[in-house]
There are 2 protein chains.
Amino acid sequence: MSQEVFVTMALNAWNGQLKRATGTFESLTDEQLMQEVAPGRNRAVYLMGHLIATHDALLTLLRLGGRLHPELDEIFITHPDNVNTKMPGAQELRQYWQEVHNKLAEHFKALTPAQWLERHNAMTDEDWVKEPHRNRMSVLIGRTNHIAYHLGQLVLIKK
Amino acid sequence: MSQEVFVTMALNAWNGQLKRATGTFESLTDEQLMQEVAPGRNRAVYLMGHLIATHDALLTLLRLGGRLHPELDEIFITHPDNVNTKMPGAQELRQYWQEVHNKLAEHFKALTPAQWLERHNAMTDEDWVKEPHRNRMSVLIGRTNHIAYHLGQLVLIKK
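Bear in mind the structure is a predicted one, so any value in this text is a computation, not a measurement. (Residues numbered from 1 in each chain as written. Chains lettered and ligands numbered in written order. Predicted model: local features only at pLDDT ≥ 70, side-chain atom pairs only at ≥ 80, totals over all residues. Heavy atoms only, no water.)

Trainee: What is the right way to look at the packing of aromatic side chains in this model?
Mentor: Given two aromatic rings, one states the distance between the centres and the angle between the planes to describe the pair. Enumeration according to the criterion identifies 9 aromatic pairs over all chains in this entry. Measuring from ring centre to ring centre gives 5.8 Å for Trp-14 of chain B and Phe-108 of chain B, while their planes differ by 75°; the resulting arrangement is edge-to-face. Pair noted here: Trp-14 of chain B is in helix α1 (residues 2-27) and Phe-108 of chain B is in helix α6 (residues 90-110), with a separation of 94 residues, a long-range link. Here Trp-14 of chain B and Phe-108 of chain B have matching classes, each one buried. What links up through ring pairs into an aromatic cluster is the set Trp-14, Phe-108 and Trp-116 of chain A. (Phe/Tyr/Trp six-rings, centres within 6.5 Å; stacked < 30°, edge-to-face > 60°. Helix = DSSP H or I, 4+ residues; strand = E, 2+ residues; numbered from the N terminus. Buried < 20%, exposed > 50% of the residue type's maximum accessible area, 1.4 Å probe, protein only.)

In structure tokens:
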């Protein structure tokens, strides 16, 4: 039972931050998405693509299946924000946001506490035996903090 | 054993975010602490006081003992940032930062997994039976995301 409590807590934290981020992006117009969070810093649209790409990568990192949008990594992870980069339009990104998070929600609902404690893909079985706290759940906790980090920046966009 | 793995993960996340925040504040000069993270937004010094006050309040919220600096709430939680507010100096805040986090680290080390799952102070025993995932650990997870949120803003300070 207490294992389930821990999983519930971690998923509540993920869902809570994700809900706030979703609400923030929904509250921004397509024009506001093109604003920088602070002078010379990332635009909201870049942070949106960055979170989509990072979360899409969870599908393979957590060994849940194939990715939906690996093409986003080059634009939103490998390279910094640049107004000259050709990127998907706002409507397309809003759709990807839903797709990727719906797919993740499906998988997360199906994982048992024991499966949450299994190693992630960037780790060997051998390392995992020595460091059992480096597992799917620890990746989720890290990604939850990653949302919060960028959410703190997103709320600086002037409406 | 697996309960300990969950506690280790949550504490690793807290310690990781706290270490990044500590490093960021240490990297800022006292002058830079007076800069706003974005035009018209909070100054770094306010975020520092805000995190100290929030974490000091964990001492009572997690039922670990008395607070060290309850006087900070009025300045850094109740009221928004204001250049006319009289606040402790940078050196004083840097010292409070260490004090509060050393005290919390002591307590956190001593808590067993079962104690992490006990209710926090803002909750009745009755509610906790119905919602066992609202416990000390869930508060810690929330506060870890809270550090990440403000850290995302702090890194916008120009050096």
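Trainee: Would you mind going over the side chain of His-101 of chain B with me for this structure?
Mentor: When you line up the elements, His-101 of chain B lands in helix α6. When neighbours within four sequence positions are excluded, His-101 of chain B is seen to be in contact with Trp-14, Leu-18 and His-55 of chain B. (Contact = heavy atoms within 4.5 Å.)

Trainee: I keep staring at the interface of chain B and chain A and nothing clicks. Help me out?
Mentor: By a widely used convention, the size of an interface equals the accessible area lost when the partners come together. Across the boundary between the two partners, chain B contributes 34 residues, which contact 34 residues of chain A. Here chain B and chain A share an interface that buries about 2,900 Å² over both sides, 69% of which is from carbon and sulfur atoms. Where chain B meets chain A, there are 0 salt bridges. Between the two partners, chain B and chain A, sit 7 residue pairs in polar contact (both at pLDDT 80 or more). Listing elements by their share of the side of chain B that touches chain A, those giving two or more residues are α1 and α9 (136-154) of chain B. Examining the composition of the side of chain B that touches chain A, we find that 11 residues originate from one element, α1 of chain B, more than from any other. Grouping the constituent residues of the side of chain B that touches chain A by class yields 19 nonpolar, 12 polar and 3 charged. (Buried area = accessible area lost by both parts, 1.4 Å probe. Salt bridge = Lys/Arg side-chain N within 4 Å of Asp/Glu carboxyl O. Polar contact = N/O pair within 3.5 Å; in protein donor to acceptor, adjacent residues only side chain to side chain. Nonpolar A, V, L, I, M, F, W, Y, C, P; charged D, E, K, R; others polar.)

Trainee: Would you explain the relation of the copies chain B and chain A in this entry?
Mentor: Here the second copy of the chain follows from the first by a rotation about an axis and a shift along it. Mapping chain B onto chain A leaves a residual RMSD of 0.0 Å; the transformation is a rotation of 180° accompanied by 0.0 Å of translation along its axis. Here the two chains are linked by the operation of a two-fold rotation axis. If distances are taken from each C-alpha of chain B to the rotation axis, the shortest is found for Tyr-149 of chain B, at 2.1 Å. Looking at chain B, 100% of its interface residues are interface residues in chain A too, so the copies touch through the same face. (Least-squares fit on C-alpha atoms with pLDDT ≥ 70 in both.)

Trainee: What should I look at first to understand the environment of His-146 of chain A in this one?
Mentor: All names here are of chain A. Take His-146: it is sitting in helix α9 (residues 136-154). For His-146, the contacting residues outside a window of four places in its chain are His-50, Leu-51 and Thr-54. A polar contact of 3.1 Å, which involves the side chain of His-146, links it to the side chain of His-50.

Trainee: How do you make sense of the confidence of the model for chain A when you look at a structure like this?
Mentor: For chain A, the average pLDDT comes to 96, and 99% of its residues sit at 70 or higher. For this predicted complex, the interface confidence score (ipTM) comes to 0.96, while the overall pTM stands at 0.96. (pLDDT = per-residue confidence, 0-100.)

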